[in-house]
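Report on the structure
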Amino acid sequence: MRIGELAGLAGVSTRTIRHYHQLGLLPEPVRRANGYREYGLPDAVALARVRRLTELGLGLEEVRDVLADDADRELREVLAELDADLARQEEALRVRRARLAELLRRIEEPGGLPEEGPVSEQLAELFGEMARASAQLPGPEPAMAARERELLALLDASGDRRARGMLAAAMRETFAAPGALERAYAVYGMLDELAGAAADDPRVAGTARALVDCVPEEVVAAIAAGAGPGAVQDEGQGTTLWADLLVAELAPGQAEVMRQAMRMIQERSR
């Protein structure tokens, strides 16, 4: 047989056969006097076996190991590993589909999915509650509420599992009490009113106190200990990455509210 005939018989391309020759998966056949390869039945059988193994999901290097072991011990090992890998993939797909089903369910609920995109189940619950609370208020949602969701979504997407766990715990504590969301939205509105204010605006101190009053004791203790969500010590400063992100790009009056609130939290924890 010529290479084209072998390729047609095995259902592969001539390029694939040449690639198998280069990798050592298929022995080079005897060549005719004119230089053309001459294939026989053993070549067709070997090629068919390579194809069956690759269709099972084996990589070409694994196929080469299997073909090199006459006792088939390597084949059993490789197939067992392949089966275990497929089981892991099935479980991962099951988890992903469950997550997608949850997201699709939330789309149908009031408020739908947050603009920040898919987030963890804990944050999705919180964002849904925020959407419902905002819908009860007159006018558009305060810009500071949307900004806080962006920061929470950013931390939720971080690779720090410990930080994400602390975030979830802090959110549960912060918004668990009756009326907590309503009080939080009142503070968001006060912060919005300081969008063009200077750091010495007389409203700053009252807004800072209102903000601290929204933070439960458990969260205060975590922040004061430097173990709160996103707590990354800034060399020589004692501040955190979380605090830096919180005040970045804020108006002077809003940033001063955050600084005063952090000082109050530190004092409150002593």
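The following refers to the structure shown. Nothing here was measured: the structure is a model prediction, and the numbers come from that model.

**Some details on the overall build of the protein chain**
Looking only at helices and strands, the protein chain has 13 helices and 0 strands in total. Helices and strands appear in the protein chain in the N-to-C order α-α-α-α-α-α-α-α-α-α-α-α-α. Per-residue burial over the protein chain gives 36% buried out of 270 residues. Looking at the protein chain alone, contacts between residues at least 24 apart form 58% of all its contacts between residues at least 6 apart.

**A few points about the pattern of salt bridges**
Scanning the model with the defined rule gives 10 salt bridges in all. A network of salt bridges, in which partner residues are shared, links E28, R31 and R37.

**A short note on the side chain of H21**
Residue position: H21 is located in helix α2 (residues 14-23). Of the residues examined, H21 reaches a relative accessible area of 8% and is grouped as buried. A distance of 3.4 Å separates the side chain of H21 from the backbone oxygen of P27, its partner in a polar contact. The residues touching H21, leaving out its near neighbours within four places in the chain, are L26, P27, E28, P29, R37 and Y39.

**Some points on the environment of E61**
Within the secondary structure layout, E61 lies in helix α4 (residues 60-68). With 38 residues separating them along the chain, E61 and L23 place their C-alpha atoms 8.5 Å apart.

**Some remarks on the packing of helix α3 (residues 41-55) against α4**
It is at 10 Å that the axes of α3 and α4 come closest, and there the two elements cross at 130 degrees. What the angle tells us is that α3 and α4 run oblique. Crossing geometry of α3 relative to α4 is assigned as right-handed. On α4, the residues that touch R49, V50, L53 and T54 of α3 are L60, V63, V66 and L67. Class assignment of the residues belonging to the contact of α3 with α4 gives a composition of 6 nonpolar, 1 polar and 1 charged.

**Quick look at the nonpolar core**
If you look at the biggest cluster of nonpolar residues, it comprises 37 residues, and the most contacted ones within it are L126, M130, F175 and Y188. When contributions to this core are tallied by element, the ones reaching two or more residues are α6 (121-135), α7 (143-156), α8 (161-176), α9 (180-193), α10 (203-213) and α13 (252-268). Of the residues forming this core, the biggest block, 7 residues, is contributed by α9. Setting aside anything within four residues of it in sequence, one finds Y188 in contact with M130, P142, M144, A145, E148 and F175. A10, Y20, L25 and V78 belong to the second-largest nonpolar core, a separate cluster that totals 19 residues.

**Points about a negative patch on the surface**
Together, E61, E62, D65 and E81 line one region of the surface with negative charge. The greatest single-element share of the negative patch, amounting to 3 residues, is contributed by α4. Judged by its relative accessible area of 58%, E61 falls in the exposed class.

**Some points on the packing of α6 against α7**
Taken N-terminus to C-terminus, the directions of α6 and α7 make an angle of 175 degrees; their axes are 11 Å apart at the nearest point. When the axis of α6 is compared with that of α7, the two are roughly antiparallel. Across the interface between the two elements, L123, L126, F127 and M130 from α6 touch A145, R149, L152, A153 and D156 from α7. A breakdown of the residues in the contact of α6 with α7 according to their chemical character gives 7 nonpolar, no polar and 2 charged.

Conventions and cut-offs
- Residues numbered from 1 in each chain as written.
- Predicted model: local features only at pLDDT ≥ 70, side-chain atom pairs only at ≥ 80, totals over all residues.
- Heavy atoms only, no water.
- Helix = DSSP H or I, 4+ residues; strand = E, 2+ residues; numbered from the N terminus.
- Buried < 20%, exposed > 50% of the residue type's maximum accessible area, 1.4 Å probe, protein only.
- Contact = heavy atoms within 4.5 Å.
- Salt bridge = Lys/Arg side-chain N within 4 Å of Asp/Glu carboxyl O.
- Polar contact = N/O pair within 3.5 Å; in protein donor to acceptor, adjacent residues only side chain to side chain.
- Axes fitted to C-alpha atoms, helices over the stretch in contact; angles between N-to-C directions.
- Parallel < 35°, antiparallel > 145°, perpendicular 65-115°, else oblique.
- Left-handed = near helix turned anticlockwise from the far one by under 90°.
- Nonpolar A, V, L, I, M, F, W, Y, C, P; charged D, E, K, R; others polar.
- Core = buried A, V, L, I, M, F, W, Y, C linked by side-chain atoms within 4.5 Å.
- Patch = residues over 30% accessible without salt bridge, like charges linked within 9 Å, V, L, I, M, F, W, Y side chains within 5 Å.
- Areas by Shrake-Rupley, 256 points an atom, 1.4 Å probe, with all protein chains shown as cover.
- Lys, Arg positive; Asp, Glu negative; His and termini not counted.
- Charge placed at Lys NZ, Arg CZ, Asp CG, Glu CD.

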